[in-house]
Each structure stands twice: as structure tokens, then as C-alpha cells.
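Structure at a glance
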Amino acid sequence: MPEKERSSDKDQVSKWHNRIKDAKSYKDKQKQDQHWERYVDQYQGKYDVGKLSEQMAIIPINLVYAYIHTEIPRLYFRDPFLAVNPKGFAHIKNAKILEVVINYLMGELNIKSEFFKVLLDTLLIGHGWVKFGYSGTFGTTLTAEDVKGQGENKKPLDEVNEFVKSEEIFALHVPWEDIVFDCTAKDPPYDCHWIAHKIVKPLKSVQDSDLYINTSSLKANFKPKDNDVKTDIDLVELWEIWDKDSNSIYVITDGVEKFLRKIPNPYEMEGLPFSMLKFNPVPGKPYPLSDISILEPQFMEKIKLRSMQLNHLKRWNRQVFMEKGAIEENELSKYKTGQDGGIILVEPGSISGNKFFVPQYPTMQAEIFQIENLIQLDIDTISGQNQTDRGVQASTRTRTLGEVELMAQSSLTRNERRKDALEDFMEEVSRKIIQLVKQFQLTAKYARITEQDPSEYQNQLKGKFDGQGLFYTKADIQGDFDVEVRAGSTIPLSKENRLKILSQILSLGQNIGIMPGGPVAQEIGKVILRDLNVKEAEKAFVQQQQQIQKMQSMLGNVGGNGAVQPQMVQNNMQQMPGQEQVNPNGL
């Protein structure tokens, strides 16, 4: 297509290059001051202990990896349930449809996988990014009108990812290295005037794409920073700039004085299409603290202490005094290697003449173990994780269930603030996805229910809900809504947690309308026995339910009131010949 240029483009491109350069310089200083790359190395088990490694062997206990993979499941183990409520009474039906849609999309868009990467960045570096958008196929030039009207289908947008399908909404993790923003921001992305996303693409695909202009002078300008990565593909580094002030999108690259792309922002969503997760904000600073920066001093001291312990145990096997000539060099090498079953020949009279002396070192001081416990206590205090969270048996004196539950409860209380911050982030992600669906879902699409009860939607969405899901377009979800993450819906629902919840429901009993022996109580009892894997009791429970149903039917036929008590069932079962005897009240 013909090259396009405005007289002011050269100056504007130069201005944006300078802005990105300043933002990168500021970010690089933060990266150096906060040691982000060092934390990534430690996550991989690479610990730099300086000159200490020259004095003794260092045992790199990977405490960073252990901390990260304990913290992530505590915060986000499964997709949350999102409740959608209308603002007022005008769009109640639409709110129910949207609730089905957004919970379905959380799985369809693979949000769990993307959030894992965001959490990994956040815990290691201090922040993680999600980018939102719509990937479709459009005509020669991409404008807001093209996006809204779908245009002609020819070439794809530049978002290439295995999770992004043609004509699909996406919410993707973006690596922390690939995002910069204006240096005046203090609370990104909310007060950012602009955000720039680095995108690396093959040179040929950029030159052949109808999305880009001014590509005739474009040359390869990017090489992977990892020297071990070899490629014969010519790559180009693009900067995609989202400017809030002009509500426009620009694409620039080094070596080209013109815009490769300059279009109006096609999205109607509030703010920029980016969200940033952070747990440790610093007042007045745009970049928050990493969890590892807070814990690193204690981690390093524990690694050094453990290395000292092992070094002390091995010292006796390394230092021996002997007279010159007591053993030949080739025999001495056998001794140094310490091979099992090795026969070492020494000079005659060396052993009887006491020409060898092995120094006896004092035993390890008991205080070293107390110091190790104190360091671990510091780690637990700072991180909010305890032994139970890490899957270690609780070291209490009595090891009573109450003590273990108290320890777990104190850890949960400490972690509530983080869960609340993560739920706020999820709600923001959900709102942005909903805004994209409202704008772009022109054709009918099917959404299945996930964790919802089908009966809840059967009556309210008659004619649209088929018992499994529904078809929807953007017309079905218009209106103003509040989106809320159901508290605790992201944490693991293990067998133990499920049993605790079911027991709490039963303890409430009649206070919430659950009658003893009623359908709800019976179903809860069945689930509890199944989880406990008590086959005999589960079999007896099923038999009792069958007898109750049978007796209810008999009483109904003879004009009874249909009320059946467990004692009646027990008496009836005892009177039945050849029936296996069970005790339903023993449950």
C-alpha cells in the first residue's frame, strides 16, 4: 500500500522515542536498586553469596521457590465465582445472563493460567501486568469504526498468542520487562498518561501486514538478550503506545522516523486496556516492593547457617596432618577422593610411628540450632506463612487439633488483606472483559454455566436458558452492573475444607431451615460419608433413605401424614426377614 506521512510525524515520533527512553531509564534504575533480576536467579536456585563460597561449600536451599509456590495456591487455586448485580431494577434479567457469561469466559479465556504468571511476577518482582483487547480480522486500515463494524475480513490483528483466537476477546499476562509508562505516574495504570508495550515480531510479518505503514525502510533491530538463544529469523522490536490524552494508539520502532501505525483507540472501556497487580505499594513510588526483597536477608542467613553446619560435619574428613614421605603422591590421591573399599599403601613404620594426626574439633555449639529457629521465626513473621501452610507437621508441644487450627487461623487472618487485594484486581479484570463483550459480541455465542445452580436460572431466563447454558449477544448484557468476587472462591476447596463447611452448615440446622432427616440434611450426610470413604456407613445411609422413601409412599397410600422418623425405619428394617441389619442412628 502507498506510504503515508504527515509533516509533523517526524517530530512526534522523536518525542515518543525520548519518552520511552526516559521511562526505560527510570525502570532500569528501579530494577537495579531493587535487584529484580537477582530474585529471578534465586527462584532458579542461583544464589550469590560472594566471597563466602571461597571459604566453604554453600548449600543453596531454594527458599525463594518454596515461598512462591506456597503463596500462589494460598491466594489463587481456582477460578473465582463472579456475582453480577444490576444497579437498580431495570436490567435484572440481563444481570443473570451476564453472570453466566462472565463466569464462563473466565475459563474460556484461560484466566487461571494467565493469573498464575501474573502472580509469579508480582511475588518475585513486585508487580504483574494484564493486557485486554479484541483480536479480530479487519480490512486494510484499522479504525474505531472498522472495529465496531467488523469491516472486511483479511488480515489479523497484531496480538499473536496461542490463547487468542480469531475474532475473540482476550486478557493476557504481559511480562514485566515489556511494559513502560510515563515517569510522572504514582499509581499505575490509573494515573498514567500513556503506557507502552514492547512487541517483538518477525520483520517479514510486519512488512507484509496491512496493519502497518511506512515499512519500506524497516530493518531488523532486535536480538534475544539470552546469548544461548539462537535464531535465523530477522526480528523487529515495536513499541505499541496507548496514549490516554489523545485517545490514540501509536506504533514506533528504532530506525524509522515515521509512525508504523496511528489510529484512534477502538475500545470504549474506561481507562487504558491494562491492569497492574501489586501487594506491597510504596507511598509516592510507582513501582512496589517484591516479597523477596523483604525476605531475602533472612533467606540468605539461613542458607549460610545450614552451610556452616554441613561444613563443620565434613571438616574432620578434610584435614589431616602427616609427615613428609609418609605416603606417596599417587596413594595420597586415593585418600583425597575417599573411594569406598580403596586400599591405600603407606611407607613402612608410618602408622606405628604415629606419622599421621587427625585433629579433633569441638562439637557443634547448641546455640546454632537456636539461632536457626529464630531465623525461621523471623521468616514466618515477615511472610505470614507458617509450617502448616508449607505442608510441614506443626511443631507444637501437644500437637492438639485446637492448637493446629489456631496456628492456621492466625495465618489466614494475616493473608486476608492479600486475598482482598487479589479479589479487587479480579473484579477490575472482569469489568474490563465485560466492557469488551458489550462492545464486540455481535454474533450469538454459547456460554455454559460453571458453578451455578441451573435451577436458579431456569425460571428467570425462560426461553433462553436450556438447562446447560445459553446463547447471548451484546444486546443481552447491556446495562449498568456491579461485579463482585464471591469471598474465598479462589482458595483451595480441599476435602478437609469441604467437610468443615458441611459440618458448619449442619450445626446451624433449623436456624437456616434445615430440618433433621430432611432432603438437605440427607444430601449433606451422603456427601460427608462419601468424603470420609466409610463404605459401610454410606451403604447403611443409602438403605435408610430407600426405606424412608418406601414408608412415605406406603403412609401416603393409607392416608397418613407422610412423616417418617428414623426409629420407625429402624423398627421396620429389623422386622424384615433376610434384610441385612444396620443401625441408621449410629451415623
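Everything in this summary refers to the structure shown in the same document. Since the model is a prediction, treat every value here as computed from it, not as a measurement. (Residues numbered from 1 in each chain as written. Predicted model: local features only at pLDDT ≥ 70, side-chain atom pairs only at ≥ 80, totals over all residues. Heavy atoms only, no water.)

Focus: the side chain of K96
Along the chain, the position of K96 falls in helix 5 (residues 92-108). Contact partners of K96, with chain neighbours within four places excluded, come to E456, Y457, Q460 and L461. (Helix = DSSP H or I, 4+ residues; strand = E, 2+ residues; numbered from the N terminus. Contact = heavy atoms within 4.5 Å.)

What to know about the sheet that holds strand 5 (residues 168-174)
Backbone hydrogen bonds hold the strands of a sheet together, and the pairing may be parallel or antiparallel. Taken together, the three strands give an open sheet; going across it, the order is 5-2-11, and neighbouring strands pair in antiparallel fashion. Pairing within the sheet leaves two strands with one partner each, and these edge strands are strand 5 and strand 11 (274-277). Each strand axis lies, on average, 20 degrees off the axis of its neighbour in the sheet, ignoring direction. Inspection of the sheet shows strand 2 (residues 128-135) paired to strand 11 by four bridges, in the antiparallel sense. Each residue of the ladder has a partner; that of G128, found in strand 11, is L277. (Pairing = 2+ DSSP bridges. Axes fitted to C-alpha atoms, helices over the stretch in contact; angles between N-to-C directions.)

Overview of the packing of aromatic side chains
With the rule as written, the count across this model stands at 17 aromatic pairs. For the pair W129 and F181, a centre-to-centre distance of 6.1 Å together with 55 degrees between the ring planes defines the contact as tilted. Of the two residues, W129 is situated in strand 2 and F181 in strand 6 (residues 179-181); the sequence distance between them amounts to 52 residues. Among the residues examined, W129 registers a relative accessible area of 1% and is labelled buried. Under the relative-accessibility criterion, F181 is labelled buried at 4%. (Phe/Tyr/Trp six-rings, centres within 6.5 Å; stacked < 30°, edge-to-face > 60°. Buried < 20%, exposed > 50% of the residue type's maximum accessible area, 1.4 Å probe, protein only.)

A few points about the packing of helix 4 (residues 63-75) against helix 6 (residues 111-125)
Helix-helix packing is characterised by the crossing angle of the two axes and by the distance between the axes. Here helix 4 crosses helix 6 at 130 degrees, and the two axes come no closer than 10 Å. When the axes of helix 4 and helix 6 are compared, the pair comes out oblique. Note on packing geometry: the crossing formed by helix 4 with helix 6 is right-handed. Taken together, the residues of helix 6 that come into contact with helix 4 (itself represented by V64, I68, H69, E71, I72 and L75) are F116, L119, L120, L123 and L124. (Parallel < 35°, antiparallel > 145°, perpendicular 65-115°, else oblique. Left-handed = near helix turned anticlockwise from the far one by under 90°.)

Focus: the pattern of salt bridges
Oppositely charged side chains may form a pair once their charged atoms are brought near each other. For the coordinates displayed, the defined rule picks out 20 salt bridges. One salt bridge connects D28 with K31, and the closest N-O pair in it is separated by 3.8 Å. Taken together, the residues D28 and K31, both in helix 1 (residues 9-34) and three residues apart, mark about one turn of the helix. With relative accessibility at 23%, the residue K31 sits in the partly exposed group. Note that D187 is salt-bridged to K278, the shortest N-O span being 2.7 Å. Of this pair, D187 sits in the loop between strand 6 and strand 7 (194-202) while K278 sits in the loop between strand 11 and helix 9 (291-315), and the two are 91 residues apart along the sequence. Residues joined in a network through salt bridges with shared partners are E71, R74, D291 and R418. (Salt bridge = Lys/Arg side-chain N within 4 Å of Asp/Glu carboxyl O.)

Thoughts on helix 11 (residues 367-383)
The end-to-end C-alpha distance of helix 11, which contains 17 residues, comes to 24 Å, matching closely the 24 Å that a straight helix rising 1.5 Å per residue would cover. Those residues of helix 11 lying buried are I368, E372, I375, Q376, I379, D380 and S383. In an axial view of helix 11, the angular spread of the buried residues amounts to 140 degrees, which keeps them on one side of the axis. Among the exposed residues of helix 11, those pointing more than 90 degrees away from its buried face are Q370, N373 and L374. Just downstream of helix 11 lies G384, where phi reads positive at about 80 degrees. (Expected span 1.5 Å × (residues − 1). Arc of directions from axis to C-beta.)

Here we look at the environment of K355
Relative to the helices and strands, K355 resides in the loop between helix 10 (329-337) and strand 13 (356-357). On the basis of relative accessible area, K355 is assigned to the partly exposed category, the value being 28%. Each C-alpha atom of the pair K355 and I327 lies 9.8 Å from the other, and the pair is 28 residues apart in sequence. Discounting residues that sit within four places of it in the chain, K355 has contacts with F321, M322, E323, A326, G349 and S350.

Observations concerning the nonpolar core
Of all hydrophobic cores here, the largest spans 86 residues; its most connected members are I68, L124 and I433. In contact with L124, other than residues within four places in its own chain, are Y39, Y43, V64, I68, S290 and I292. Within the second largest apolar cluster, twelve residues are counted, among which are W16, A23, Y250 and F259. (Core = buried A, V, L, I, M, F, W, Y, C linked by side-chain atoms within 4.5 Å.)

So, the packing of helix 2 (residues 36-43) against helix 6
Running from N to C, helix 2 and helix 6 cross one another at 115 degrees; their axes reach a closest spacing of 9 Å. Packed against helix 2, whose contacting residues are W36, Y39, V40 and Y43, the element helix 6 presents L120, L124 and I125 at the interface. Tallied by class, residues from the contact of helix 2 with helix 6 come to seven nonpolar, no polar and no charged. (Nonpolar A, V, L, I, M, F, W, Y, C, P; charged D, E, K, R; others polar.)

Remarks on helix 4
In this model, helix 4 (13 residues) spans 18 Å end to end at C-alpha, consistent with the 18 Å of a helix rising 1.5 Å per residue. Those residues of helix 4 that sit buried are L63, V64, Y67, I68, T70, E71, I72, R74 and L75.

Digging into unusual backbone geometry
Cis geometry is found at the peptide bond from P188 to P189, where omega equals 0 degrees. One can find P189 in the loop between strand 6 and strand 7. In this model, H35 sits at a positive phi of 60 degrees, which is unusual for a non-glycine residue. Checked against the element boundaries, H35 lands in the loop between helix 1 and helix 2. If you check the backbone angles, N247 has positive phi at about 55 degrees while not being a glycine. Considering the arrangement of structural elements, one finds N247 in the loop between strand 8 (235-243) and strand 9 (248-252). Owing to a relative accessible area of 42%, N247 belongs among the partly exposed residues under this scheme.

Just geometry here; none of it tells us what the structure is for.
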